[in-house]
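# Remarks on the overall topology
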Amino acid sequence: VQLQASGGGLVQTGASLKLSCAASGRTFGSSGMGWFRQAPGKEREFVATINWSGGSTFYADSVKGRFTISRDNAKSTVHLQMNSLKPEDTAVYYCAASQDTYYGSQSRYYLYWGQGIQVTVSS
């Protein structure tokens, strides 16, 4: 599976952004998907995850209620809608696909990673 993220940019506090991740490969429809992020000087952290059907999602406490993960298996795409953005959301965001049906917060279970996309929220 190859992953290509898009939709990042520079926004002001309180604004919204929608990240998209287009996947190629036969296993997308059966793979759990996740979004992670890494801020400068910090370790990569979990943001959100979705199961293969889109029927189950899980979020980090820091984004719960503000971010929404979704997927369109017909288009092999996963999205991350980010609302009410804060300066602390500034990071490089990565989409990831698990090798099988795993979906969750543990990065070690994600085999495929996108290239990373910058999101900057100014105060």
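Check the entry above for the structure.
Here is a short report on the structure shown in this document. (Residues numbered from 1 in each chain as written. Predicted model: local features only at pLDDT ≥ 70, side-chain atom pairs only at ≥ 80, totals over all residues. Heavy atoms only, no water.)

What follows is about the nonpolar core. Ranked by internal contacts, the top residues of the largest apolar core, which has 34 residues, are W35, L80, M82 and Y93. Mapped by element, the contributors of at least two residues to this core are β1 (2–6), β3 (17–24), β4 (33–38), β5 (45–50), β7 (67–72), β8 (77–82), β9 (91–98) and β11 (117–122). Looking at this core element by element, the count peaks at five residues for β9. Apart from residues lying up to four places away in sequence, Y93 is in contact with L19, W35, F36, R37, V47, F67, L80, M82, G116, I117 and V119. (Core = buried A, V, L, I, M, F, W, Y, C linked by side-chain atoms within 4.5 Å. Buried < 20%, exposed > 50% of the residue type's maximum accessible area, 1.4 Å probe, protein only. Helix = DSSP H or I, 4+ residues; strand = E, 2+ residues; numbered from the N terminus. Contact = heavy atoms within 4.5 Å.)

What follows deals with the sheet that holds β7. The antiparallel open sheet is built from four strands, whose spatial order is β1-β3-β8-β7. Looking at which strands have only one partner, the edges of the open sheet turn out to be β1 and β7. For this sheet, the mean angle separating the axes of adjacent strands, direction not counted, is 15°. (Pairing = 2+ DSSP bridges. Axes fitted to C-alpha atoms, helices over the stretch in contact; angles between N-to-C directions.)

As a further point, take the packing of aromatic side chains. Using the criterion set out here, one finds seven aromatic pairs in the structure. Taking 4.7 Å as the distance between ring centres and 50° as the angle between the ring planes, the aromatic pair formed by Y102 and Y109 counts as tilted. Through a chain of ring-to-ring contacts, three or more aromatic side chains come together here, namely F36, F46, F58, Y102, Y109, Y110 and W113. (Phe/Tyr/Trp six-rings, centres within 6.5 Å; stacked < 30°, edge-to-face > 60°.)

A few words on the side chain of S98. Turning to its location among the elements, S98 is positioned in strand β9. Only 2.8 Å separates the side chain of S98 from the backbone oxygen of Y102, close enough to count as a polar contact. In this structure S98 touches S31, G32, Y109, Y110, L111 and Y112, once residues within four positions along its chain are discounted. (Polar contact = N/O pair within 3.5 Å; in protein donor to acceptor, adjacent residues only side chain to side chain.)

It is worth spelling out the pattern of salt bridges at this point. Under the counting rule described, the total for this entry stands at four salt bridges. One salt bridge in this structure joins R37 and E45, with 2.6 Å as the shortest N-O distance. Notably, a salt bridge pairs K64 with D61, separated by 3.1 Å at the nearest N-O pair. We classify K64 as partly exposed; its relative accessible area is 47%. Look at D61 and you get exposed, because its relative accessible area is 67%. In the salt-bridge network here, residues are joined through shared partners; they are R37, E45, R66 and D89. (Salt bridge = Lys/Arg side-chain N within 4 Å of Asp/Glu carboxyl O.)

The next thing to look at is the pairing of β8. Most of β8 is tucked away, with five of its six residues classed as buried. Bridge analysis of β3 against β8 gives six bridges, and the strand direction is antiparallel. Bridge pairing in β8 places S20 opposite H79. Where β7 lies against β8, six bridges are found, and the strand directions are antiparallel. Residue pairing across strands places R71 opposite V78, the latter belonging to β8.

The topology assignment puts W35 in strand β4. Distance from W35 to Y103, taken between C-alpha atoms, is 11 Å for residues 68 residues apart in sequence.

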